[in-house]
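Structural description and commentary
Given next are the chains, with one letter for each unit.
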Amino acid sequence: MKLPREFYLRDGLTVARELIGKKLVTNLRGGLTGGIIVETEAYMGAKDAAAHTYRGKTERTKIFYGAGGFVYVYLIYGMHICTNVVANVADVPEAVLIRALEPVDGVELMKRRRGVNNLRGLCSGPGKLSKALGVTKDFYGADLCGEEIYIEMTDFRADVAATRRINVDYAGAAADYPWRFVATGSEFLSR
């Protein structure tokens, strides 16, 4: 069952924690692919120096200012797509970066898209999972309550731990906020 819009209309920290154990799915022409979310990071708008919306609204970040439940994608290092879930209500610009998945559906297709055969490393980072799922820049603004990309409930259960986020050392004190959430003991986490 797909998560309803109401799931996303909550603060980014709650959404980030509760996304652990849900399944991110893409249903594209090439086939259906998906994985259990085992790692996320929350980005909390104007109070978070690591957030893209820290300095306010721009053309790039306008999606954050609508209601939650939509996709925000961006390029890092000029080559890797990062997939984010917009959280909270309109005009509260928060989002959750999906950092790692445990691959479960369409694994062979994901391996072909990535050109790798290693299951453990297939979706162990935001750029890796985006490529494996077929997420491109065209997913900017996609509705997570739609048919091409969505998140489902699962029976997956794990303890969730909170740690500091990765690669946000530029953000001063915000670099130490414990806003990264992981499925404890998962072998599919990012490095």
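What this report covers is the structure whose coordinates are included nearby. (Residues numbered from 1 in each chain as written. Predicted model: local features only at pLDDT ≥ 70, side-chain atom pairs only at ≥ 80, totals over all residues. Heavy atoms only, no water.)

1. Digging into the overall build of the protein chain
The helix and strand tally for the protein chain stands at four helices and eight strands. For the protein chain, the succession of helices and strands along the chain, N to C, is α-α-β-β-β-β-β-α-α-β-β-β. For 191 residues, the compact-globule formula gives about 16 Å, and the C-alpha radius of gyration of the protein chain, at 15 Å, lands near that figure. Principal-axis analysis of the C-alpha atoms places the extent of the protein chain at approximately 40 × 35 × 30 Å. A fraction of 62% describes how many contacts in the protein chain between residues 6 or more apart in sequence connect residues 24 or more apart. Across the protein chain, the centroid of the 26 positively charged side chains sits 5 Å from that of the 22 negatively charged ones. (Helix = DSSP H or I, 4+ residues; strand = E, 2+ residues; numbered from the N terminus. Rg over C-alpha atoms; globule rule 2.2 N^0.38 Å. Contact = heavy atoms within 4.5 Å. Lys, Arg positive; Asp, Glu negative; His and termini not counted. Charge placed at Lys NZ, Arg CZ, Asp CG, Glu CD.)

2. Overview of the layout of surface pockets
One number sums up the size of the largest pocket: a volume of about 510 Å³. Lining of the largest pocket is provided by 27 residues; of these, Y74, I76, C82, R99 and P126 occupy positions nearest its centre. Mapped by element, the contributors of at least two residues to the lining of the largest pocket are β2 (31-43), β3 (71-76), β4 (80-87), β5 (94-105) and α4 (126-133). Class assignment of the residues belonging to the lining of the largest pocket gives a composition of 15 nonpolar, eight polar and four charged. (1 Å grid on protein atoms, 1.4 Å probe; cavity = no way out; pocket = protein on both sides within 12 Å on 5 of 7 lines; lining within 4 Å. Points joined across faces, edges and corners; volume = space filled by probe spheres on them. Nonpolar A, V, L, I, M, F, W, Y, C, P; charged D, E, K, R; others polar.)

3. Considerations on the environment of G34
Along the chain, G34 falls in strand β2. Counting along the chain gives 20 residues from G34 to Y54, while the straight-line C-alpha distance between them is 31 Å. What G34 contacts, discounting residues up to four positions off in sequence, is K23, L24, V25, P103, V104, D105, M110 and L133.

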